[in-house]
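In case you want the letters, here they are:
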Amino acid sequence: MTGNTGVKVRRHSPACTFFMQGTPFIYQGQEIGMTNAPFEEIEHYNDVRTHNLYFYKRQTGMMHDDVMTLIKATSRDHSRTPMQWDASPHGGFSTAEPWLRANPNHSWLNVEAQKNDPHSVLSFYKQMIWLRKHMEVLVYGRYNLVEMGHESVFAYTREDEHEKSPRCNQSGAACLLVGRTGRRHFIVSQL
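This structure is a prediction, so every number in the text was calculated from the model and none was measured.

Criteria and cut-off values
- Residues numbered from 1 in each chain as written.
- Predicted model: local features only at pLDDT ≥ 70, side-chain atom pairs only at ≥ 80, totals over all residues.
- Heavy atoms only, no water.
- Salt bridge = Lys/Arg side-chain N within 4 Å of Asp/Glu carboxyl O.
- Helix = DSSP H or I, 4+ residues; strand = E, 2+ residues; numbered from the N terminus.
- Buried < 20%, exposed > 50% of the residue type's maximum accessible area, 1.4 Å probe, protein only.

A. Structural detail: the pattern of salt bridges. All chains considered together, the criterion is met by five salt bridges. The partner of E40 in a salt bridge is K72, and the shortest N-O contact between them spans 3.1 Å. One end of the pair, E40, is in the loop between helix 1 (7-18) and helix 2 (48-59); the other, K72, is in helix 3 (residues 64-74), with 32 residues separating them in the sequence. Note on E40: relative accessible area 42%, which makes it partly exposed. Notably, a salt bridge pairs E112 with K115, separated by 3.2 Å at the nearest N-O pair.

As C-alpha cells, then:
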C-alpha cells in the first residue's frame, strides 16, 4: 500500500479477504497497515531484481525518476522493511543497522502507537481474528457471491444452517460488503 492510503482502506481491504473461505494470513506489518517505503534512490533497495530492473531501464533510456516510480510500485523490498514496533530508531526493530531502512512513517505508524487505540488497524485485525475464532460460519460457512448490480461493489455472504449468524437483509447470513468508487473505498458490514 502506498503512504497515502487511508486508515479506512488499510482496515477494510483486508476484511474483504479475511472472511472468505480458506486460511487467512497476516504478513509482516499488515496488521498495523504498514505502507510502501518512499525510497528515492536505487541504493536504498537490496533486491537483486529491483537493481536489475533499474539498470536495464536506464540502459534503454528511461529517466531515473520514471524508473524509480516504477520501482516504488513493484519492488519486493517494500514487504521486507523492518517491522515498525515503535517510534525509536529503526522502528524499534533493532539497535543495530537493519538490512533495509525503516519506513520514515514509523514515527507514527507502529505497534506502540496502535496497541491501545480501539480504532486502529491493529485493533481491527484483533477484532477480525476474534470473529473468525467465535463465529464458525466465517470458517466453515458456504461462500455466496452477492450480485449488487454495480461493478465497484464486491459483496458476499457466509451461511451455515447449523448456526444462527447475524442477519443481513433478513437472510440470516453474515454479510460483508466492500466497494470502491473512483479512488475511494468503502465497506458496509454486518457481522
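After presenting the structure, the write-up continues.
B. Highlighting the environment of D66. Of note, D66 is situated in helix 3. Each C-alpha atom of the pair D66 and Y54 lies 10.0 Å from the other, and the pair is 12 residues apart in sequence.

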